[in-house]
Amino acid sequence: MEISKKPWPILSVCGFKTRIDTNPDFQRPAVWSLGQKQLLVDTILRGYDIPKLYWRKVSKSPEKYEVVDGQQRLRTIFEFHSGDFNLAKDADDIDGVVVAKMHYADLPEDLRLQFDNYPLDVIVLTDTSEDEVREMFLRLQNGTSLKAQEKRNAMPGKMRSFIKDLSKHPFFTRVGFADSRFTYDLVAAQMTAIELNGGPCHVRNSNLNAMYEAQMDFDAAGTKARKIRRVLEYLAQVFTEKTPELERYSVISLYALVSQCLETYVMQGKQDALRNWFLQFEANRRTQDDMPADKADPELLAYKERTSHSTDAQDSIQWRHEFLLRKFFEAVPDIEQKDNQRLFSHEQRLAIFRRDGCICQVRLKCQGVKCEWDAWQADHKTPWSQGGKTTVENGQVACPECNAAKGGNP
Ligand SMILES: [Zn+2]
């Protein structure tokens, strides 16, 4: 990554605004209020300092940029310059000149020149990867959250050493994000929190801080610690090489998925199936970005929504977890429960129900009736008593009447 800094007069920047993407996909679509916009213009007209802008150069000839940080500021400048809004009606005079309610074109020449020549501090990033840009964006937006892990690393106790050690696991060499500011420690801590909780939970900084404090005497050789290493070991078998699709939020989700599946299912030999499903899922959901909203898959849109903000909140992780589990079981339907249990698990039932479109497949007493979620049975196609497996593949939706008609042979 190459970084250069230069002051750029507003007028020149306005001259090539069509080459600047002020809304790349890692930015949030928040919109400034009119008051915020007016305040920025007022600041510029008074010659006060405004924060630096960060642009990523995405094309050399013609030169094109996307805005990493400063999107709202730049849009506001463009809008004021093209006369889209005026200054506030109660704006104070500037150097004795009345500016209240003025549009750009109404300003006296001196003030227009002040605006046109105002130097924007632009930091241009060249040869930057998507990951580096995201990383920089995160830091600029929320530097404190990244500093938090640095602080935790300075905390005493056995949890700290356990997490430090975990962050050196080979699995982390396969993920798609960099280890800047101890990101691997952060993710290792989040995995540990999920494991200690027995499933998805809040994994924000405050929650992780509390965990470090409560677990000062954490047993790095205990059952939980061994389970965490077992999950990472499995993930390292699934992802044997660098995988750019492994973003921070998907790593957390995959951890929760594998952790739960290792408890209940025979996962030996399913490593390739898990990788292939995950890569296919990622490829599929990325195609949704180019589709008009009414053509896109609403579930994948909801998933994307939950990967774009509040990704460390319990409800977001829980929702993604249940969705991914169902998708995984739909895609790999031959996963068996350990000891071939007779009862279908929740995630198997979900996958069967969605795959069969909620419709009774048995059709002994009905013509294929639509079932409600709380009134259907998961039926073994090949009966369990005859060696049929409790898998999504061998399961089907049965309405209560058909299930009763099959009689004691579910
Ligand atoms: Zn039926």
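What counts and what doesn't
- Residues numbered from 1 in each chain as written.
- Predicted model: local features only at pLDDT ≥ 70, side-chain atom pairs only at ≥ 80, totals over all residues.
- Axes fitted to C-alpha atoms, helices over the stretch in contact; angles between N-to-C directions.
- Helix = DSSP H or I, 4+ residues; strand = E, 2+ residues; numbered from the N terminus.
- Parallel < 35°, antiparallel > 145°, perpendicular 65-115°, else oblique.
- Left-handed = near helix turned anticlockwise from the far one by under 90°.
- Contact = placed C-beta atoms within 7 Å.
- Nonpolar A, V, L, I, M, F, W, Y, C, P; charged D, E, K, R; others polar.
- Domains from an automatic or database assignment.
- Pairing = 2+ DSSP bridges.
- pLDDT = per-residue confidence, 0-100.

Enquirer: So what exactly am I meant to see when it comes to unusual backbone geometry here?
Expert: Among all residues except glycine, the phi angle is most often negative; among peptide bonds, the trans geometry is most common. Of the consecutive residues Ser61 and Pro62, the connecting peptide bond is found in the cis state with omega at 0°. Backbone geometry places Asp95, a non-glycine residue, at a positive phi of 50°.

Enquirer: Please explain the packing of helix 7 (residues 183–197) against helix 9 (residues 223–238) as it appears in this structure.
Expert: Helices that pack against each other are described as a pair by the angle of their axes relative to one another and the distance between those axes. Between helix 7 and helix 9, the least distance of the axes is 10 Å, while the angle of their chain directions is 125°. The angle between helix 7 and helix 9 falls in the class oblique. In this structure, helix 7 meets helix 9 at a crossing whose hand is right-handed. Packed against helix 7, whose contacting residues are Met191, Thr192, Glu195 and Leu196, the element helix 9 presents Lys224, Lys227 and Ile228 at the interface. When the residues that make up the contact of helix 7 with helix 9 are grouped by side-chain class, the tally is 3 nonpolar, 1 polar and 3 charged.

Enquirer: Please explain the domain arrangement of the protein chain as it appears in this structure.
Expert: Many structure descriptions define interface size as the accessible area lost when the parts assemble. As assigned here, the protein chain comprises domain 1 (2–128), domain 2 (142–331) and domain 3 (344–406). A separation of 32 Å is found between the C-alpha centroids of domain 2 and domain 3. Across the boundary between the two partners, domain 2 contributes 5 residues, which contact 8 residues of domain 3. Here the side of domain 2 that touches domain 3 gets 4 residues from one element, more than from any other, and that element is helix 13 (residues 314–331). Here the residues of the side of domain 2 that touches domain 3 sort into 2 nonpolar, 1 polar and 2 charged.

Enquirer: Help me understand the sheet that holds strand 1 (residues 2–9), please; the structure alone is not making it clear to me.
Expert: Two orientations exist for strands paired in a sheet by backbone hydrogen bonds: parallel and antiparallel. The 5 strands are arranged 1-5-3-4-2 in an open sheet whose pairing can be described as mixed. Each edge of the open sheet carries a strand with a single partner, namely strand 1 and strand 2 (20–21).

Enquirer: Hey, could you run me through the pairing of strand 5 (residues 119–126) in this one?
Expert: If a strand is regular, its side chains alternate between the two faces of the sheet. Of the strand pairs in this sheet, strand 1 and strand 5 are connected by 8 bridges, and their pairing is antiparallel. The partner of Glu2 across the bridge, within strand 5, is Thr126. Note that strand 3 (residues 53–59) and strand 5 share 4 bridges and pair parallel. Its bridge partner being in strand 5, Tyr54 is matched across the sheet by Ile123.

Enquirer: Which parts of the structure should I look at to understand the confidence of the model for the protein chain?
Expert: Close inspection of predicted coordinates is inappropriate for parts of the model with low pLDDT. For the protein chain, per-residue confidence averages 90 on the pLDDT scale, and 95% of positions sit at 70 or higher. Between the elements of the protein chain, mean pLDDT differs from a low of 67, seen in helix 5 (residues 130–152), to a high of 97, seen in helix 9.

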